Amino acid sequence: MKQILDCIRQEMEQAFAACGYEEKYGMASLSNRPDLCQYQCNGAMAAAKAYKKAPLAIAEEIAAYVKQSETGNQFFEKVEAVPPGFLNLNLKGEYLADFLEQSQRTEKFGMEQPEKPEMIIVDYGGANVAKPLHVGHLRPAIIGESIKRISRYMGHQVIGDVHLGDWGLQMGQILTELHHRHPDWVYFEEGYTGEYPQEAPFTIADLEEIYPTASKKSKEDEAYRAEALEATFQFQSGRRGYRALCKHITAVSIPDLKKNYANLNVEFDLWKGESDVQEHIPGMVEKMKQDGFAYISEGALVVDVTEETDKKELPPCLILKSDGAALYETTDLATLLEREQLYHPDRVIYVVDKRQELHFTKVFRCAKKTGIVRPETELTFLGNGTMNGKDGKPFKTREGGVMRLEYLIADVEEEVYRKMDDREMSKEEARDASRQVGLAALKYGDLSNQASKDYVFDLERFISFEGNTGPYIQYTAVRIRSILKKYAELEKTEKESQTESQKLLPPSGEGETDLMLVLARFGSTMQTVFEEKAPHKLCQYLYEISNAFNHFYHENKILTEENTARRASWIRLITLTVDMLVTGLDLLGIETPERM
RNA sequence: GCAUCUGUAGCUCAGCUGGAUAGAGCACUGGCUUCCGAAGCCAGGUGUCGCAGGUUCGAAUCCUGUCAGGUGCACCA
């Protein structure tokens with residue numbers, strides 16, 4: 001169904017046209033002065049210049065036209081021209097109620113599905129094998145998951161890909177470290193042609209110690225680093241023993257990563273890694289050479305990606321290192337190649353740390369230039385800022401190290417659990433609720449900030465349950481559910497149910513009108529959130545719904561309302577409210593507990 | 001050095017495809033519960049929108065310059 005704002009715009013555009021002005025001046029928007037009106041149209045002021053007339057005169061002309069027109073009469077309770085030339089609009093209660101009535105009776109609150117659903121791939125994991133997830137993985141995971149859910153909800157076909165880091169230097173470093181420790185392993189025996197063991201000779205816990213050690217040595221020791229680079233090259237060139245070991249590393253890591261992402265309520269459709277696209281590399285490189293895009297520069301194989309409009313010359317996109325090994329760029333390009341073959345995506349959205357912007361700019365340009373993706377494929381870089389500590393610097397543990405994600409989650413959960421002491425719940429229920437509330441605190445604290453900006457992690461604030469926080473939204477939803485439960489019991493004692501047959505009545509008071517106006521914005525808000533890939537705007541919206549509901553709630557006694565038609569109408573209104581809240585939270589990747 | 005992002009209330013942040021008095025939350029003060037969850041609601045003060053110019057009827061928003069901070073600049077990912 002059509003959005004309210006679109007109806008208003010159409011109405012106003014028609015009015016402008018009928019009065020002899022260009023249609024575009026009918027552009028209406030939400031009022032920025034709610035005390036004066038609900039919607040506004042500023043077109044008269046813009047038109048004043050073009051038509052050399054007084055803005056107020058135009059506004060009055062339009063207002064008069066709308067008032068006498070049939071459809072205008074149906075929509076508006078008020079159409080007012082105000083100096084210097086604003087058009088202030090208020091909707092009729094009947095129309096508003098009718099609109100929400102339809103929203104409630106239609107799937108997805110009446111949101112229209114896209115004519116042509118797009119195939120969208122969201123690349124947002126960034127996890128590396130052999131390394132535990134840490135706070136740096138939090139933002140891409142949370143934001144990406146939300147983008148995925150929102151896109152899917154809008155009616156598109158969406159694939160989330162974790163895109164594991166399982167191919168680069170880190171693998172060479174681990175191989176080197178393992179070689180040093182266990183030179184006798186069959187994996188390191190040259191010329192060995194037999195089968196390698198099925199079982200991995202190490203556990204995830206071993207790896208969690210081995211990788212940091214190797215990484216550290218590689219930074220400090222030149223010879224060690226050279227060894228790791230050589231191992232990387234050998235491994236990438238297909239040395240059997242190395243490949244077998246890396247398979248073990250991946251096999252051991254994935255279940256652990258899955259578990260940790262699941263704790264965050266983050267799920268991927270694809271668990272592909274960099275290693276999965278290696279077969280595409282030789283052909284891809286060969287074609288780039290043949291087509292004349294790739295050439296040797298300073299020993300490495302590169303593709304130029306500068307464009308005329310650049311203020312500064314971009315470094316070229318590196319395809320192969322001078323030692324012939326593949327790079328980050330190479331793998332990302334090959335991944336795009338494979339995605340194009342398998343899924344033919346209309347868009348690929350990368351949710352990764354914003355510091356990688358240059359890298360992706362190069363990859364995108366190279367992919368377009370060399371024809372790896374179609375010209376119309378939209379490649380989007382959604383760079384996220386970092387989560388900082390209260391000192392404004394990247395979040396660290398007290399000891400100054402990088403915090404593991406599972407510890408952070410556990411800390412938040414524990415803190416919430418302590419606060420729920422006084423609730424009448426079983427220990428089990430309280431645990432479960434604190435998990436959901438804690439996660440909401442963490443995720444909402446993150447998502448309510450613009451993705452591209454850094455933000456300060458403040459545990460106290462996020463879990464404070466006051467103000468614009470995840471728990472506050474959850475609380476509002478839980479509270480409504482509680483009322484609905486009570487109502488269901490109450491209704492049992494009455495002769496017949498009225499809720500189903502009762503239509504939504506026009507609002508009876510200020511609080512109810514405001515609530516209805518907010519709820520009526522669901523569709524257009526979702527559209528904006530999707531288009532701008534801006535989950536923080538969804539947070540803001542849910543917060544507005546919650547505020548509007550709480551205001552309404554204090555203004556009206558729902559269950560004791562004597563007019564049963566009114567009461568049934570209110571029940572339907574708050575049902576719509578809670579449905580939208582729960583849906584919205586779910587799109588942020590946040591669950592709503594039964595009680596809290 | 002070059003590029004790029006950010007600078008809004010004491011703190012944390014919205015607003016930035018130009019519009020009417022720049023908004024929230026926290027913190028601070030006072031009030032509201034014989035009644036649906038007070039983790040709530042109501043009321044109260046706070047701003048050189050980094051600075052300086054410019055465009056415009058109109059600028060936090062667009063343009064230029066400038067200051068401050070962050071980030072990135074070819075064989076790591």
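The structure displayed is predicted, hence computed values, not measured ones. (Residues numbered from 1 in each chain as written. Chains lettered and ligands numbered in written order. Predicted model: local features only at pLDDT ≥ 70, side-chain atom pairs only at ≥ 80, totals over all residues.)

### Examining the overall build of chain A
Right, so step 1: Of regular secondary structure, chain A possesses 21 helices and 13 strands.
Right, so step 2: Each principal axis of the C-alpha distribution contributes one length, and for chain A these read about 90 × 65 × 45 Å.
Right, so step 3: Put simply, chain A has 596 residues, and 41% of those count as buried.
Right, so step 4: Taking all contacts inside chain A whose residues are at least 6 apart in sequence as the whole, residues at least 24 apart take part in 73%. (Helix = DSSP H or I, 4+ residues; strand = E, 2+ residues; numbered from the N terminus. Buried ≥ 20, exposed ≤ 12 C-beta atoms within 10 Å, placed from the backbone. Contact = placed C-beta atoms within 7 Å.)

### Some points on the packing of helix H14 (residues 405-419) against helix H15 (residues 427-447)
Right, so step 1: Contact geometry of H14 with H15 gives a least axis separation of 8 Å together with a crossing angle of 120°. On the basis of the axis angle, H14 is oblique to H15. As for the relative orientation of H14 and H15, their crossing is right-handed in sense. Touching Ile 409, Val 412, Glu 413, Val 416 and Tyr 417 of H14 are Ala 430, Arg 431, Ser 434, Arg 435, Val 437, Gly 438, Ala 441 and Leu 442, all from H15. (Axes fitted to C-alpha atoms, helices over the stretch in contact; angles between N-to-C directions. Parallel < 35°, antiparallel > 145°, perpendicular 65-115°, else oblique. Left-handed = near helix turned anticlockwise from the far one by under 90°.)

### Some points on the sheet that holds strand E8 (residues 300-303)
Right, so step 1: Taken in spatial order, the 3 strands line up as E7-E8-E9 in an open sheet, and their pairing is antiparallel. Edge positions in the sheet fall to strand E7 (294-297) and strand E9 (317-320), since each has one partner strand and no second. Adjacent strand axes in the sheet meet at a mean angle of 45°, parallel and antiparallel pairs treated alike.
Right, so step 2: In this sheet, E8 lies alongside E7 in antiparallel orientation, the contact comprising 4 bridges. (Pairing = 2+ DSSP bridges.)

### A word on the sheet that holds strand E10 (residues 347-353)
Right, so step 1: Here 4 strands make up an open sheet; going across it, the order is E6-E5-E10-E11 and the pairing parallel. Strands at the two margins of the open sheet, each flanked by one partner only, are strand E6 (157-161) and strand E11 (378-384). The mean inter-strand angle of the sheet, taken between neighbouring strand axes irrespective of direction, is 20°.
Right, so step 2: By the bridge criterion, 4 bridges tie strand E5 (residues 119-123) to E10 in an arrangement that is parallel. Within the sheet, the bridge partner assigned to Ile 121 lies in E10 and is Val 348.
Right, so step 3: On the sheet, helix H6 (residues 138-153) packs against E5, E6, E10 and E11 and is oriented at approximately 155° with respect to E10.

### Thoughts on the protein's contact with RNA strand B
Right, so step 1: In the vicinity of RNA strand B there are 70 residues, among which Gly 168, Glu 298, Lys 321, Gly 467 and Ser 482 approach most closely.
Right, so step 2: Counting only elements with at least two residues in the surface near RNA strand B, the list comes to helix H2 (43-51), strand E4 (86-91), E8, helix H13 (357-369), strand E13 (455-456), helix H17 (470-492) and helix H20 (535-555).
Right, so step 3: Here the surface near RNA strand B is composed, by residue class, of 30 nonpolar, 24 polar and 16 charged. (Near = placed C-beta within 6 Å. Nonpolar A, V, L, I, M, F, W, Y, C, P; charged D, E, K, R; others polar.)

### With respect to helix H1 (residues 4-18)
Right, so step 1: Between its first and last C-alpha atoms H1 spans 21 Å; for 15 residues at 1.5 Å apiece the expected length is 21 Å, and the two agree.
Right, so step 2: Among the residues of H1, those classed as buried are Ile 4, Ile 8, Glu 11, Met 12, Glu 13, Ala 15 and Phe 16.
Right, so step 3: Gly 20 occupies a position one or two residues after H1 and carries a positive phi of about 90°. (Expected span 1.5 Å × (residues − 1).)

### Overview of the packing of helix H5 (residues 93-105) against helix H18 (residues 510-519)
Right, so step 1: Contact geometry for H5 and H18: axes closest at 10 Å, N-to-C directions at 45°. One element, H5, and the other, H18, form an angle in the oblique class. At the point where H5 passes H18, the crossing takes the left-handed sense. Of the residues in H18, those touching H5 at Leu 96, Ala 97 and Leu 100 are Met 516, Leu 517 and Leu 519.
Right, so step 2: Here the contact of H5 with H18 is built from residues that sort into 6 nonpolar, no polar and no charged.

### Section: the environment of Arg 481
Right, so step 1: Checked against the element boundaries, Arg 481 lands in helix H17.
Right, so step 2: When the C-alpha atoms of Arg 481 and Glu 594 are compared, they prove to be 7.9 Å apart, with 113 residues separating the residues in sequence.

### Regarding the pairing of E11
Right, so step 1: Here E10 pairs with E11 via 7 bridges, running parallel. Among the inter-strand pairings, Tyr 350 is bridged to a residue of E11, identified as Phe 381.
Right, so step 2: Taken together, E10, H13 and E11 form a β-α-β motif whose crossover is right-handed. (Right-handed = clockwise from strand over helix to strand, strands pointing away.)

### So, the environment of Asn 260
Right, so step 1: Looking at the secondary structure, you find Asn 260 in helix H10 (residues 240-263).
Right, so step 2: In this structure, the C-alpha to C-alpha distance between Asn 260 and Phe 235, residues 25 residues apart in sequence, is 28 Å.
Right, so step 3: Setting aside its immediate chain neighbours within four residues, Asn 260 contacts Leu 133, Leu 405 and Glu 406.

### A few points about H13
Right, so step 1: Taking 1.5 Å of rise per residue, 13 residues should cover 18 Å, and H13 covers 18 Å from first to last C-alpha, within 8% of that figure.
Right, so step 2: Those residues of H13 that fall on the buried side of the exposure criterion are Lys 362, Val 363, Phe 364, Cys 366 and Ala 367.
Right, so step 3: On its buried side, H13 packs onto E8, E9, helix H12 (328-342) and E11.
Right, so step 4: Within two residues after H13, Gly 371 carries a phi angle of roughly 80°, on the positive side.

### Points about the confidence of the model for chain A
Right, so step 1: Chain-level pLDDT for chain A is 92 on average; 99% of the residues reach the 70-or-more range.
Right, so step 2: Confidence, expressed as mean pLDDT per element, reaches its minimum in chain A at H2 with 87 and its maximum at E5 with 98.
Right, so step 3: For this predicted complex, the interface confidence reaches an ipTM of 0.95, while the overall pTM sits at 0.95. (pLDDT = per-residue confidence, 0-100.)

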